[in-house]
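# Chain and residue survey
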Amino acid sequence: MTLSAAPRITCEVLETRADTARIFNIQRYSLNDGQGIRTVVFFKGCPHRCPWCANPESLSPAIQTVRRESKCLHCAPCLRDADECPSGAFERIGRDITLEQLEREVLKDEIFYRTSGGGVTLSGGEVLMQAGFATRFLKRLRQAGLHTAIETAGDAPLSRLLPLAQQCDEVLFDLKIMDPARAQAVVKMDQPRVMENFLALVREGINVIPRLPLIPGFTQEEENVRQVLAFLAPTSIRELHLLPFHQYGEPKYRLLGGEWAMKACVPPTAEEIARVRSKAEAEGFHVTTGG
Ligand code: SF4
(Lines give C-alpha, C1' and ligand atoms only; values in the text may rest on other atoms or scores of the structure.)
Protein backbone atom coordinates (compact mmCIF):
# COMPACT_ATOMS: atom_id res chain seq x y z
CA MET A 1 0.00 0.00 0.00
CA THR A 2 1.29 3.47 -0.74
CA LEU A 3 1.24 5.71 2.31
CA SER A 4 -0.74 8.22 0.33
CA ALA A 5 -3.50 5.63 -0.08
CA ALA A 6 -3.88 5.23 3.71
CA PRO A 7 -7.37 5.90 5.10
CA ARG A 8 -8.29 9.53 5.47
CA ILE A 9 -8.23 11.10 8.91
CA THR A 10 -9.89 14.39 9.72
CA CYS A 11 -8.73 17.66 11.20
CA GLU A 12 -10.63 16.75 14.40
CA VAL A 13 -8.36 13.85 15.39
CA LEU A 14 -5.98 15.52 17.81
CA GLU A 15 -7.99 18.59 18.66
CA THR A 16 -8.93 17.47 22.17
CA ARG A 17 -5.30 17.45 23.28
CA ALA A 18 -5.48 20.88 24.83
CA ASP A 19 -2.13 21.28 26.58
CA THR A 20 -0.03 18.72 24.75
CA ALA A 21 1.02 18.61 21.12
CA ARG A 22 2.18 15.63 19.13
CA ILE A 23 5.19 16.60 17.06
CA PHE A 24 7.79 14.69 15.11
CA ASN A 25 10.63 17.14 14.68
CA ILE A 26 12.02 20.44 15.86
CA GLN A 27 14.35 21.90 13.28
CA ARG A 28 16.63 24.64 14.55
CA TYR A 29 18.57 27.23 12.50
CA SER A 30 16.24 26.96 9.52
CA LEU A 31 16.56 29.64 6.85
CA ASN A 32 13.38 28.56 5.09
CA ASP A 33 9.73 28.74 6.04
CA GLY A 34 9.64 32.38 7.06
CA GLN A 35 12.02 35.29 7.52
CA GLY A 36 15.38 35.21 9.33
CA ILE A 37 16.74 32.31 11.37
CA ARG A 38 13.88 30.13 12.55
CA THR A 39 12.93 27.11 14.53
CA VAL A 40 10.41 24.99 12.67
CA VAL A 41 8.18 22.72 14.74
CA PHE A 42 6.67 19.86 12.74
CA PHE A 43 3.28 18.70 14.00
CA LYS A 44 2.24 15.10 13.47
CA GLY A 45 -0.89 14.18 11.54
CA CYS A 46 -2.28 15.36 8.23
CA PRO A 47 -5.78 14.89 6.76
CA HIS A 48 -4.40 15.14 3.23
CA ARG A 49 -2.56 12.63 1.12
CA CYS A 50 -0.49 14.55 -1.41
CA PRO A 51 1.33 11.91 -3.48
CA TRP A 52 4.42 14.17 -3.51
CA CYS A 53 4.52 14.73 0.26
CA ALA A 54 8.15 14.97 1.39
CA ASN A 55 7.24 14.27 5.03
CA PRO A 56 5.46 10.90 5.03
CA GLU A 57 6.34 10.51 8.72
CA SER A 58 3.96 13.41 9.34
CA LEU A 59 0.85 11.75 7.92
CA SER A 60 -0.26 9.45 10.73
CA PRO A 61 -1.23 11.14 14.00
CA ALA A 62 0.02 8.02 15.82
CA ILE A 63 3.51 7.63 17.28
CA GLN A 64 5.22 5.16 14.96
CA THR A 65 8.18 2.85 15.45
CA VAL A 66 10.60 2.20 12.60
CA ARG A 67 13.63 -0.07 12.43
CA ARG A 68 16.84 0.74 10.59
CA GLU A 69 18.25 -2.52 9.26
CA SER A 70 21.73 -0.99 8.88
CA LYS A 71 21.97 -0.43 12.66
CA CYS A 72 20.59 -3.84 13.69
CA LEU A 73 22.98 -6.10 15.67
CA HIS A 74 20.64 -9.10 15.40
CA CYS A 75 21.03 -9.56 19.16
CA ALA A 76 17.30 -10.07 19.75
CA PRO A 77 16.35 -8.10 22.92
CA CYS A 78 13.99 -6.09 20.74
CA LEU A 79 11.87 -9.18 20.30
CA ARG A 80 10.81 -8.54 23.91
CA ASP A 81 10.66 -4.75 23.75
CA ALA A 82 11.83 -2.32 21.07
CA ASP A 83 13.02 0.05 23.80
CA GLU A 84 15.64 -2.56 24.81
CA CYS A 85 17.43 -2.28 21.46
CA PRO A 86 21.08 -1.43 22.34
CA SER A 87 22.03 -0.07 18.91
CA GLY A 88 19.41 2.57 18.28
CA ALA A 89 18.02 0.58 15.34
CA PHE A 90 14.53 1.31 16.58
CA GLU A 91 13.33 4.84 16.37
CA ARG A 92 10.10 6.39 17.54
CA ILE A 93 8.58 8.88 15.16
CA GLY A 94 6.52 11.37 17.11
CA ARG A 95 6.38 12.47 20.72
CA ASP A 96 4.06 14.41 22.94
CA ILE A 97 5.23 17.71 24.32
CA THR A 98 3.60 20.22 26.65
CA LEU A 99 3.22 23.91 25.99
CA GLU A 100 5.86 24.75 28.58
CA GLN A 101 8.34 22.18 27.27
CA LEU A 102 7.96 23.37 23.69
CA GLU A 103 8.30 26.99 24.75
CA ARG A 104 11.51 26.21 26.65
CA GLU A 105 12.81 24.34 23.60
CA VAL A 106 12.22 27.11 21.06
CA LEU A 107 13.39 29.89 23.38
CA LYS A 108 16.88 28.34 23.40
CA ASP A 109 17.47 30.20 20.13
CA GLU A 110 15.79 33.45 21.07
CA ILE A 111 19.02 35.39 20.53
CA PHE A 112 19.16 34.21 16.89
CA TYR A 113 15.55 35.19 16.26
CA ARG A 114 16.11 38.65 17.69
CA THR A 115 19.31 39.33 15.79
CA SER A 116 18.10 37.97 12.42
CA GLY A 117 14.44 39.01 12.46
CA GLY A 118 13.56 35.32 12.61
CA GLY A 119 11.22 33.39 14.86
CA VAL A 120 9.19 30.23 15.07
CA THR A 121 7.23 28.46 12.32
CA LEU A 122 4.69 25.72 12.95
CA SER A 123 4.60 23.17 10.15
CA GLY A 124 3.57 19.56 9.68
CA GLY A 125 1.76 17.49 8.73
CA GLU A 126 -1.08 19.92 9.09
CA VAL A 127 -0.88 22.17 12.11
CA LEU A 128 -4.65 22.81 11.89
CA MET A 129 -5.20 19.32 13.30
CA GLN A 130 -3.85 20.71 16.58
CA ALA A 131 -5.05 24.27 16.13
CA GLY A 132 -6.09 24.79 19.76
CA PHE A 133 -2.63 24.02 21.08
CA ALA A 134 -0.92 25.92 18.26
CA THR A 135 -3.03 29.03 18.89
CA ARG A 136 -2.21 29.08 22.60
CA PHE A 137 1.45 28.43 21.89
CA LEU A 138 1.88 31.20 19.31
CA LYS A 139 -0.02 33.62 21.55
CA ARG A 140 2.59 33.07 24.23
CA LEU A 141 5.46 33.56 21.78
CA ARG A 142 3.91 36.76 20.48
CA GLN A 143 3.50 38.07 24.00
CA ALA A 144 7.26 37.47 24.31
CA GLY A 145 7.74 39.57 21.16
CA LEU A 146 8.74 36.76 18.81
CA HIS A 147 7.94 36.54 15.09
CA THR A 148 5.49 33.71 14.39
CA ALA A 149 4.41 31.82 11.27
CA ILE A 150 2.51 28.73 10.21
CA GLU A 151 2.60 26.60 7.09
CA THR A 152 -0.83 25.27 6.19
CA ALA A 153 -3.00 23.93 3.41
CA GLY A 154 -5.89 25.85 5.00
CA ASP A 155 -8.48 23.10 4.75
CA ALA A 156 -10.33 23.29 8.08
CA PRO A 157 -13.30 25.24 9.45
CA LEU A 158 -12.51 28.96 9.51
CA SER A 159 -13.40 28.95 13.22
CA ARG A 160 -10.24 26.95 13.75
CA LEU A 161 -7.97 28.59 11.19
CA LEU A 162 -8.72 32.24 11.93
CA PRO A 163 -7.80 32.36 15.66
CA LEU A 164 -4.51 30.64 14.81
CA ALA A 165 -3.78 32.90 11.85
CA GLN A 166 -4.46 35.92 14.08
CA GLN A 167 -1.46 34.87 16.18
CA CYS A 168 0.81 34.80 13.13
CA ASP A 169 3.03 37.43 11.57
CA GLU A 170 3.00 35.30 8.41
CA VAL A 171 0.71 32.57 7.15
CA LEU A 172 2.44 30.48 4.48
CA PHE A 173 -0.63 29.19 2.66
CA ASP A 174 -0.28 26.39 0.11
CA LEU A 175 -2.44 26.47 -2.99
CA LYS A 176 -2.19 23.11 -4.71
CA ILE A 177 -4.74 21.71 -7.15
CA MET A 178 -7.29 24.41 -8.00
CA ASP A 179 -9.90 22.20 -9.70
CA PRO A 180 -12.25 21.15 -6.86
CA ALA A 181 -13.04 17.64 -8.12
CA ARG A 182 -9.40 16.86 -8.79
CA ALA A 183 -8.29 18.36 -5.46
CA GLN A 184 -10.74 16.11 -3.64
CA ALA A 185 -9.75 13.04 -5.64
CA VAL A 186 -5.98 13.49 -5.51
CA VAL A 187 -5.14 15.27 -2.25
CA LYS A 188 -8.40 14.82 -0.29
CA MET A 189 -8.85 18.57 -0.12
CA ASP A 190 -11.99 20.70 -0.03
CA GLN A 191 -10.66 23.30 -2.47
CA PRO A 192 -13.67 25.68 -2.35
CA ARG A 193 -13.23 25.86 1.44
CA VAL A 194 -9.47 26.39 1.04
CA MET A 195 -10.11 29.33 -1.29
CA GLU A 196 -12.82 30.84 0.93
CA ASN A 197 -10.50 30.54 3.93
CA PHE A 198 -7.64 32.17 2.03
CA LEU A 199 -9.82 35.14 1.09
CA ALA A 200 -11.20 35.41 4.63
CA LEU A 201 -7.67 35.71 6.05
CA VAL A 202 -6.80 38.38 3.47
CA ARG A 203 -9.97 40.32 4.37
CA GLU A 204 -8.94 40.16 8.03
CA GLY A 205 -5.69 41.88 7.11
CA ILE A 206 -3.55 38.83 7.92
CA ASN A 207 -0.20 38.61 6.16
CA VAL A 208 -0.86 35.64 3.88
CA ILE A 209 1.86 34.38 1.56
CA PRO A 210 0.59 31.98 -1.09
CA ARG A 211 2.84 29.09 -2.03
CA LEU A 212 2.50 26.89 -5.09
CA PRO A 213 4.22 23.51 -5.08
CA LEU A 214 5.40 22.83 -8.62
CA ILE A 215 4.56 19.17 -9.11
CA PRO A 216 4.70 17.80 -12.65
CA GLY A 217 1.40 16.19 -13.58
CA PHE A 218 -0.44 17.72 -10.61
CA THR A 219 0.03 21.44 -10.01
CA GLN A 220 2.61 22.66 -12.50
CA GLU A 221 0.39 22.48 -15.57
CA GLU A 222 -0.38 25.71 -17.37
CA GLU A 223 -4.10 25.61 -16.53
CA ASN A 224 -3.52 25.11 -12.81
CA VAL A 225 -0.97 27.94 -12.71
CA ARG A 226 -3.39 30.15 -14.62
CA GLN A 227 -6.12 29.41 -12.08
CA VAL A 228 -3.82 30.21 -9.16
CA LEU A 229 -2.87 33.57 -10.67
CA ALA A 230 -6.49 34.36 -11.58
CA PHE A 231 -7.56 33.55 -8.02
CA LEU A 232 -4.90 35.85 -6.53
CA ALA A 233 -5.33 38.68 -9.04
CA PRO A 234 -8.30 40.46 -7.37
CA THR A 235 -6.61 40.33 -3.93
CA SER A 236 -3.99 42.69 -2.57
CA ILE A 237 -1.43 39.85 -2.50
CA ARG A 238 1.50 40.31 -4.83
CA GLU A 239 3.90 37.77 -3.40
CA LEU A 240 4.14 34.16 -4.52
CA HIS A 241 6.48 31.37 -3.43
CA LEU A 242 7.16 28.49 -5.81
CA LEU A 243 8.15 25.16 -4.25
CA PRO A 244 9.62 22.88 -6.94
CA PHE A 245 9.14 19.12 -6.52
CA HIS A 246 12.11 17.08 -5.28
CA GLN A 247 12.81 13.43 -4.50
CA TYR A 248 14.25 13.91 -0.98
CA GLY A 249 11.30 12.22 0.74
CA GLU A 250 11.88 8.85 -0.96
CA PRO A 251 14.05 7.12 1.72
CA LYS A 252 11.49 8.01 4.38
CA TYR A 253 8.76 6.11 2.51
CA ARG A 254 11.01 3.06 2.45
CA LEU A 255 11.74 3.38 6.16
CA LEU A 256 8.01 3.52 6.92
CA GLY A 257 7.31 0.45 4.79
CA GLY A 258 5.39 2.34 2.12
CA GLU A 259 5.95 3.05 -1.54
CA TRP A 260 7.05 6.34 -3.03
CA ALA A 261 4.40 6.96 -5.65
CA MET A 262 6.50 9.67 -7.33
CA LYS A 263 9.53 7.53 -8.18
CA ALA A 264 9.16 8.19 -11.89
CA CYS A 265 8.48 11.90 -11.52
CA VAL A 266 11.23 14.14 -12.85
CA PRO A 267 11.63 17.41 -10.91
CA PRO A 268 10.81 20.53 -12.92
CA THR A 269 13.70 21.85 -14.98
CA ALA A 270 15.12 25.34 -14.52
CA GLU A 271 13.34 26.35 -17.74
CA GLU A 272 9.99 25.07 -16.52
CA ILE A 273 10.36 26.91 -13.22
CA ALA A 274 11.41 30.06 -15.08
CA ARG A 275 8.33 29.80 -17.30
CA VAL A 276 5.97 29.78 -14.30
CA ARG A 277 7.98 32.53 -12.68
CA SER A 278 7.83 34.85 -15.64
CA LYS A 279 4.11 34.24 -16.05
CA ALA A 280 3.55 35.30 -12.46
CA GLU A 281 5.94 38.24 -12.73
CA ALA A 282 4.17 39.42 -15.87
CA GLU A 283 1.03 39.68 -13.74
CA GLY A 284 2.80 41.78 -11.13
CA PHE A 285 3.83 39.15 -8.60
CA HIS A 286 7.09 39.19 -6.71
CA VAL A 287 8.17 35.55 -6.98
CA THR A 288 10.48 33.61 -4.68
CA THR A 289 11.57 30.09 -5.51
CA GLY A 290 11.87 27.91 -2.41
CA GLY A 291 10.33 28.29 1.05
S1 SF4 B 1 -0.72 18.71 3.02
FE2 SF4 B 1 1.50 18.72 3.27
S3 SF4 B 1 1.93 17.24 4.92
FE4 SF4 B 1 -0.16 16.87 4.19
S5 SF4 B 1 0.05 15.28 2.67
FE6 SF4 B 1 0.11 17.24 1.59
S7 SF4 B 1 2.27 17.76 1.42
FE8 SF4 B 1 2.09 16.16 3.02
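Everything discussed here concerns the structure shown above.
Let me begin by describing the structure that accompanies this report. Just so we're clear, the structure is a prediction, and the values are computed from it rather than from any experiment. (Residues numbered from 1 in each chain as written. Predicted model: local features only at pLDDT ≥ 70, side-chain atom pairs only at ≥ 80, totals over all residues. Heavy atoms only, no water.)

Contact geometry for helix H1 (residues 99-107) and helix H3 (residues 131-143): axes closest at 11 Å, N-to-C directions at 45 degrees. Classified by the angle between their axes, H1 and H3 sit oblique to one another. Between H1 and H3 lies a crossing whose hand is right-handed. Here H1 contributes Leu99, Glu100, Leu102, Glu103 and Val106 to the contact with H3, which in turn contributes Phe133, Arg136, Phe137, Arg140 and Leu141. Residue classes in the contact of H1 with H3 are distributed as six nonpolar, no polar and four charged. (Axes fitted to C-alpha atoms, helices over the stretch in contact; angles between N-to-C directions. Helix = DSSP H or I, 4+ residues; strand = E, 2+ residues; numbered from the N terminus. Parallel < 35°, antiparallel > 145°, perpendicular 65-115°, else oblique. Left-handed = near helix turned anticlockwise from the far one by under 90°. Contact = heavy atoms within 4.5 Å. Nonpolar A, V, L, I, M, F, W, Y, C, P; charged D, E, K, R; others polar.)

A word on the packing of helix H4 (residues 158-165) against helix H6 (residues 191-203). Packing of H4 against H6 leaves a shortest axis separation of 11 Å and a crossing angle of 35 degrees. Handedness of the H4/H6 crossing: right-handed. Across from Leu158, Leu161, Leu162 and Ala165 in H4, the residues of H6 making contact are Asn197, Ala200 and Leu201. By residue class, the composition of the contact of H4 with H6 is six nonpolar, one polar and no charged.

All chains considered together, the criterion is met by 18 salt bridges. The partner of Arg68 in a salt bridge is Glu91, with the nearest N and O atoms 2.9 Å apart. One end of the pair, Arg68, is in the loop between strand S3 (64-67) and strand S4 (90-93); the other, Glu91, is in strand S4, and 23 residues separate them in sequence. The exposure class assigned to Arg68 is partly exposed, which follows from its relative accessible area of 30%. Residue classification places Glu91 among the partly exposed positions, given a relative accessible area of 29%. Through salt bridges that share partners, Asp33, Glu151, Asp174, Lys176 and Arg211 make up one connected network. (Salt bridge = Lys/Arg side-chain N within 4 Å of Asp/Glu carboxyl O. Buried < 20%, exposed > 50% of the residue type's maximum accessible area, 1.4 Å probe, protein only.)

On to H1. An α-helical turn contains 3.6 residues, so a residue and the one three or four places further along point in the same direction. Among all positions of H1, only Leu99, Leu102, Glu103 and Val106 are buried. The buried side chains of H1 occupy one side of the element, clustering within an arc of 100 degrees when seen end-on. Buried residues in H1 make contact with strand S1 (20-30), strand S2 (38-43), strand S5 (95-98), helix H2 (110-116), strand S6 (119-123) and H3. (Arc of directions from axis to C-beta.)

Attention shifts here to the sheet that holds strand S9 (residues 208-214). Ordered by their spatial adjacency, nine strands build an open sheet running S5-S1-S2-S6-S7-S8-S9-S10-S11, and the pairing between neighbours is mixed. Every interior strand has two partners, whereas the edge strands, S5 and strand S11 (286-289), have only one. Each strand of the sheet is rotated relative to its neighbour by a mean of 30 degrees, with strand direction disregarded. The sheet strands contacting H1 are S1, S2, S5 and S6, and the helix crosses S5 at an angle near 90 degrees. (Pairing = 2+ DSSP bridges.)

Moving on, we come to the site of the ligand. Looking at the ligand, the residues that line it are Cys46, His48, Arg49, Cys50, Cys53, Ser58, Leu59, Gly125 and Lys176. For the shell around the ligand, the per-class residue count stands at four nonpolar, three polar and two charged. (Near = heavy atom within 4 Å.)

Let us now look at unusual backbone geometry. Between Gly124 and the following residue, Gly125, the backbone shows a cis peptide bond with an omega angle of 10 degrees. Note on placement: Gly125 falls in the loop between S6 and H3. Despite not being glycine, His74 has its phi angle at roughly 50 degrees, a positive value. Within the secondary structure, His74 sits in the loop between S3 and S4. Residue classification places His74 among the exposed positions, given a relative accessible area of 60%.

Inspection of every chain in the model, using the stated rule, returns nine aromatic pairs. Measuring from centroid to centroid gives 5.0 Å for Phe173 and Phe198, while their planes differ by 75 degrees, and the two rings are edge-to-face. Here Phe173, found in strand S8 (residues 170-174), pairs with Phe198, found in helix H6; they are 25 residues apart in sequence, far enough to count as distant. We classify Phe173 as buried; its relative accessible area is 0%. One aromatic cluster is present, formed by Phe43, Phe133 and Phe137 through successive ring pairs. (Phe/Tyr/Trp six-rings, centres within 6.5 Å; stacked < 30°, edge-to-face > 60°.)

Interpretation in functional terms is not warranted from these geometric data alone.
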